[in-house]
Amino acid sequence: MSQHVIPQKVYYLVFVTLILLTLVTVDVAFYNFGFLNIYIAMGIATVKATIVALYFMHLRYNPRLTWLFAGAGILWLFIMFVLTIADYITR
Amino acid sequence: MSNTVHHSVVDRENDYIHAGYGLKSWLLTVDHKRIAILYLISITIFFFVGGFFAFLLRLELMTPAGDIVSAETYNKLFTMHGVVMIFFFLIPSIPAVLGNFLVPLMIGAKDLAFPKLNLMSWYVYNIGGIFALYALVNGGVDTGWTFYTPYSSTYSLSNVVPVVIGAFILGFSSILTALNFIVTIHKMRAPGLTWFKLPLFIWASYATSIITVLATPVIAITLCLLLFERLMGVGIFDPALGGDPILFQHLFWFYSHPAVYIMIIPSMGVISEVVTCFARKRIFGYKFMAYAIMAIAIFGFLVWGHHMFISGQSVYAGFVFSALSFMVAIPSAIKVFNWTATLYKGHIEFRTPILYAFGFIGLFTIGGLTGLFLASLATDVHLTDTYFVVAHFHYIMVGGAVMGYLGGIHFWWPKMTGRMYNEAWAKFSALILFVGFNLTFFPQFVLGYLGMPRRYYIYPDEFQVLNVLSTAGATILGLGYIIPMVYLLWSLRKEKNVGTNPWGATGLEWTTQSPPITHNFEKTPVVTGEPYVYQEEEKVVE
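Residues numbered from 1 in each chain as written. Chains lettered and ligands numbered in written order. Predicted model: local features only at pLDDT ≥ 70, side-chain atom pairs only at ≥ 80, totals over all residues. Heavy atoms only, no water.

Some remarks on the overall build of chain B
The helix and strand inventory of chain B stands at 15 helices and zero strands. Every one of the 542 residues in chain B was classed for burial, and the buried ones make up 61%. The long-range share in chain B, meaning contacts at least 24 apart out of those at least 6 apart in sequence, stands at 83%. In the structure as shown, chain B presents an accessible area of about 19900 Å², 71% of it carried by carbon and sulfur atoms. A distance of 10 Å separates the average location of the 29 positive side-chain charges in chain B from that of its 27 negative side-chain charges. (Helix = DSSP H or I, 4+ residues; strand = E, 2+ residues; numbered from the N terminus. Buried < 20%, exposed > 50% of the residue type's maximum accessible area, 1.4 Å probe, protein only. Contact = heavy atoms within 4.5 Å. Areas by Shrake-Rupley, 256 points an atom, 1.4 Å probe, with all protein chains shown as cover. Lys, Arg positive; Asp, Glu negative; His and termini not counted. Charge placed at Lys NZ, Arg CZ, Asp CG, Glu CD.)

What to know about the overall build of chain A
From N to C terminus, chain A includes three helices and zero strands. Order of helices (α) and strands (β) in chain A, N terminus to C terminus: α-α-α. Taken over the C-alpha atoms alone, chain A extends approximately 50 × 35 × 10 Å along its principal axes. Here the contacts in chain A between residues at least 6 apart in sequence split such that 60% fall between residues at least 24 apart. Of the roughly 6800 Å² of accessible surface on chain A, a fraction of 76% belongs to carbon and sulfur atoms.

Here's the deal with the pattern of salt bridges
All names here are of chain B. Here the structure, examined in full by the defined rule, presents eight salt bridges over all chains. As a salt-bridge pair, Glu 349 and Arg 351 come within 3.5 Å of each other at their nearest N and O atoms. We classify Glu 349 as partly exposed; its relative accessible area is 31%. (Salt bridge = Lys/Arg side-chain N within 4 Å of Asp/Glu carboxyl O.)

Describing the nonpolar core
Leu98(B), Phe147(B), Ile265(B), Trp339(B) and Tyr405(B) are the most contacted members of the largest nonpolar core, which totals 180 residues. With 23 residues, the top contributor of residues to this core is helix H3 (residues 71-107) of chain B. Setting aside its immediate chain neighbours within four residues, Ile265(B) contacts Ala204(B), Ala207(B), Thr208(B), Ile211(B), Ile293(B), Ile296(B) and Ala297(B). Among the nonpolar cores identified, the runner-up in size contains eight residues, and Leu18(A), Leu21(A), Ile44(A) and Ile51(A) belong to it. (Core = buried A, V, L, I, M, F, W, Y, C linked by side-chain atoms within 4.5 Å.)

Concerning the packing of aromatic side chains
Taken as a whole and judged by the stated rule, the model has 50 aromatic pairs over all chains. An angle of 85° between the planes, with centres 5.6 Å apart, marks the rings of Phe89(B) and Tyr405(B) as edge-to-face. Residue Phe89(B) is found in helix H3, and its partner Tyr405(B) is found in helix H13 (residues 387-417); the two are separated by 316 residues along the sequence. Taken as a pair, Phe89(B) and Tyr405(B) share a single burial class, namely buried. The lysine or arginine in question, Arg91(A), covers the ring of Tyr88(A), its NZ or CZ lying 4.2 Å from the ring centre. Against the face of Phe196(B) rests Lys287(B), its NZ or CZ located 4.8 Å from the ring centre. (Phe/Tyr/Trp six-rings, centres within 6.5 Å; stacked < 30°, edge-to-face > 60°. Lys NZ or Arg CZ within 6 Å of the ring centre and 35° of its normal.)

Quick notes on the interface of chain B and chain A
If you look at the interface, chain B gives 24 residues, while chain A gives 14 residues. Across the interface of chain B and chain A, roughly 1600 Å² is buried in total on both sides, 78% from carbon and sulfur atoms. The tally of links from chain B across to chain A stands at one salt bridge. Close ionic contact of Arg91(A) with Asp244(B) constitutes a salt bridge, the shortest N to O distance being 3.6 Å. Secondary structure elements with two or more residues in the side of chain B that touches chain A: helix H6 (160-187), helix H7 (200-232), helix H8 (245-279) and helix H10 (315-343) of chain B. (Buried area = accessible area lost by both parts, 1.4 Å probe.)

Thoughts on the confidence of the model for chain B
Residue and element names in this part refer to chain B. Averaged over every residue, the pLDDT of chain B is 94; residues scoring 70 or more account for 96%. Note that residues 1-11 has pLDDT below 50 and, in this model, 35 contacts with residues that lie over four places away or in other chains. Within the model, the stretch residues 536-542 combines pLDDT values under 50 with 15 contacts to residues more than four positions away or in other chains. (pLDDT = per-residue confidence, 0-100.)

Observations regarding the side chain of Lys33(B)
Position of Lys33(B) among the secondary structure elements: in helix H2 (residues 32-60). When neighbours within four sequence positions are excluded, Lys33(B) is seen to be in contact with Tyr16(B), Phe101(B), Leu105(B), Pro516(B), Ile517(B), Thr518(B) and Asn520(B).

Some words on the packing of helix H9 (residues 286-299) of chain B against H10(B)
Residues and elements named next belong to chain B. Remark: H9 packs on H10, axes separated minimally by 9 Å, with the N-to-C direction vectors making an angle of 150°. Here H9 is positioned roughly antiparallel relative to H10, judged by the angle of their axes. Here the hand of the crossing between H9 and H10 comes out left-handed. Contact residues: Phe 288, Met 289, Ala 292, Ile 293, Ala 295, Ile 296 and Phe 299 in H9; Met 327, Val 328, Pro 331, Ser 332, Ile 334, Lys 335, Asn 338 and Trp 339 in H10. Among the residues making up the contact of H9 with H10, the classes are represented as twelve nonpolar, two polar and one charged. (Axes fitted to C-alpha atoms, helices over the stretch in contact; angles between N-to-C directions. Parallel < 35°, antiparallel > 145°, perpendicular 65-115°, else oblique. Left-handed = near helix turned anticlockwise from the far one by under 90°. Nonpolar A, V, L, I, M, F, W, Y, C, P; charged D, E, K, R; others polar.)

Some details on the confidence of the model for chain A
Overall, the predicted model of chain A reaches an average pLDDT of 92, with 97% of residues at or above 70. Helix H3 (residues 64-88) of chain A is the least confidently modelled element of chain A, averaging 93 in pLDDT, while helix H1 (residues 8-28) of chain A averages 95, the highest of any element.

Focus on unusual backbone geometry
Residues and elements named next belong to chain B. A cis geometry characterises the amide bond from Thr 149 onward to Pro 150, with omega recorded as 0°. If you trace the backbone, Pro 150 turns up in the loop between helix H4 (115-137) and helix H5 (151-155). Backbone torsion omega between Ser 514 and Pro 515 reads -10°, so that peptide bond is classified as cis. Summarising the element assignment, Pro 515 is placed in the segment after helix H15 (464-491). Even without a glycine there, the phi angle at Asp 385 is positive, about 60°. Within the element layout of this structure, Asp 385 appears in the loop between helix H12 (377-383) and H13.

Focus on a nonpolar patch on the surface
Residue and element names in this part refer to chain A. A surface patch of nonpolar side chains, about 1000 Å² in accessible area, is lined by Val 26, Phe 30, Tyr 31, Phe 33, Phe 35, Leu 36, Ile 38, Tyr 39 and Met 42. With four residues, the top contributor of residues to the nonpolar patch is helix H2 (residues 36-56). Here Phe 35 shows up in the loop between H1 and H2. With a relative accessible area of 63%, Phe 35 lands in the exposed category. (Patch = residues over 30% accessible without salt bridge, like charges linked within 9 Å, V, L, I, M, F, W, Y side chains within 5 Å.)

Here we look at the environment of Val183(B)
All names here are of chain B. You can see Val 183 is positioned in helix H6. The sequence separation of Val 183 and Pro 64 amounts to 119 residues, and the corresponding C-alpha distance is 53 Å. For Val 183, the residues in contact, after removing those within four places along its chain, are Ala 113, Phe 114 and Met 188.

Section: the packing of H3(B) against H7(B)
All names here are of chain B. Across the interface, H3 lies against H7 with an axial gap of 10 Å and an inter-helix angle of 125°. Between H3 and H7, the angle falls in the class oblique. When you trace H3 past H7, the crossing you get is left-handed. Where H3 abuts H7, its residues Ile 94, Pro 95, Leu 98, Gly 99, Leu 102, Val 103, Met 106 and Ile 107 lie against Phe 201, Ile 202, Ser 205 and Thr 208.

A look at the side chain of Asn338(B)
Tracing the sequence through the fold places Asn338(B) in helix H10. Those residues in contact with Asn338(B) that lie beyond four places of it in its chain are Phe284(B), Gly285(B), Phe288(B) and Met289(B).

Printed below as a string of structure tokens:
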């Protein structure tokens with residue numbers, strides 16, 4: 001597997017972005033957006049997780065096989081949610 | 001693979017066992033074969049600890065009254081039996097022992113991709129084990145191995161926290177091993193060893209690793225949530241705190257049902273190797289066998305709700321999970337039919353490993369088919385939480401997984417140690433294991449059908465005869481596990497007495513000396529042929 005060297009600048013930028021998004025998460029917690037609350041919180045969390053996976057975990061620079069495994073993880077999460085929710089919404 | 005011509009010269013002192021002396025050389029080793037031996041020792045200890053609990057359980061159930069232990073102690077005994085046997089024996093058994101030893105050898109690699117992570121996984125396993133043993137000596141845990149909430153998170157006064165932490169830590173050990181296998185199988189195969197030339201044991205190890213990597217994090221998170229609720233009162237599963245106990249069951253079984261396949265798929269890999277070797281035939285339908293393994297691994301993720309038909313899950317979800325559960329039977333049946341077709345008109349040599357393979361095929365079939373009773377909504381309502389379930393999963397986990405494990409240990413013992421065990425004793429113990437197993441667990445099918453619930457330490461008088469039969473069988477079964485310990489250890493007293501390939505088997509592990517050198521092969525093997533090409537002229541017996 002090729003060892004892609006990421007400039008330090010990128011790491012710092014990602015770090016600052018993650019801190020900013022954390023502050024945003026805390027900030028929006030003080031406002032009530034009704035049913036949107038959960039979507040906003042999960043949306044920010046998803047963006048943060050994506051940035052971590054792409055840069056800190058080097059996914060962006062990895063071959064497609066690694067993408068396949070990362071994608072499998074997301075697919076399996078999807079399976080877990082869908083079949084569990086299939087129970088909740090039909091009780 | 002049979003076309004691989006390289007055979008290393010047997011050098012009796014130049015092997016991985018003699019590569020270093022002293023405790024330090026073992027405890028700091030990064031050799032996959034030595035780590036496999038370390039795992040073998042650890043899991044054997046846990047197996048006998050778990051077996052001791054089973055012995056006490058069966059002793060208590062000899063009579064309808066509660067005359068040896070109290071109800072509370074009985075709850076702790078079945079919990080610790082389950083926790084130890086599942087988390088500390090069955091999950092790591094074949095992957096961590098046989099997989100660790102064989103995956104690099106079978107694919108012509110010098111070691112696993114991450115040898116230090118491999119050693120770390122053994123230490124992580126033992127740290128998890130220490131937590132479990134601490135809980136054990138500190139009074140045990142009584143939740144059942146399933147840790148169902150809200151009992152585990154709110155009401156149980158036993159050692160839930162250390163056991164849950166132990167299981168949590170143990171998961172990382174499984175993940176490290178699985179990660180190692182996935183990378184190794186993708187990246188370190190010998191030249192010419194393409195995917196459809198891989199031995200089926202490698203396919204099984206690969207499928208198992210995929211399940212482990214995808215499912216284990218879910219149990220880790222679930223156990224963390226349980227701890228948050230128990231220690232900090234965060235409401236997740238307890239209805240009194242606004243949580244949902246069925247959510248725990250969804251998350252728990254999302255891991256724990258695939259975990260059954262973590263236990264059984266490696267055994268299927270072992271059986272494929274053993275059946276072909278002793279029937280002297282190619283495996284019937286190689287590609288279908290490989291696809292079936294992967295199909296079982298994937299379908300295994302879609303069926304967890306069949307553990308929850310009467311738990312309060314919706315009828316619709318129950319219907320969906322029931323239908324999906326039936327699908328797993330298809331690839332499982334493909335495997336059983338193909339092993340049978342491989343045996344058909346084979347020149348079967350009745351050596352010990354194939355006796356275990358016969359045991360596996362028969363017992364797995366019974367275990368699998370009774371699983372369909374439980375996957376059917378209507379019959380499951382009657383059978384849930386009865387001894388029928390206990391019998392069913394023991395046919396899969398003990399009749400299947402443990403039989404496969406022991407078959408594999410007997411098949412590769414000469415490769416691992418350079419010694420052959422006493423064949424007569426080995427055949428005798430395989431036979432009494434089969435008899436003891438059926439005598440223990442078949443009566444439990446009947447008990448369950450008649451309505452005896454599991455996890456009760458007293459029962460109505462009319463169930464005593466079947467319970468006594470079961471306890472008698474357990475005694476024979478216990479003997480069947482002790483005898484191999486004795487003759488396998490006894491074989492180590494002998495001089496090395498086997499050559500490179502004592503069974504005349506195909507596969508790269510049989511082309512290097514027994515026991516192998518530290519780096520497995522003198523020269524990297526090159527693979528040009530198909531797997532399992534059993535032909536007379538290619539039997540290499542020294």
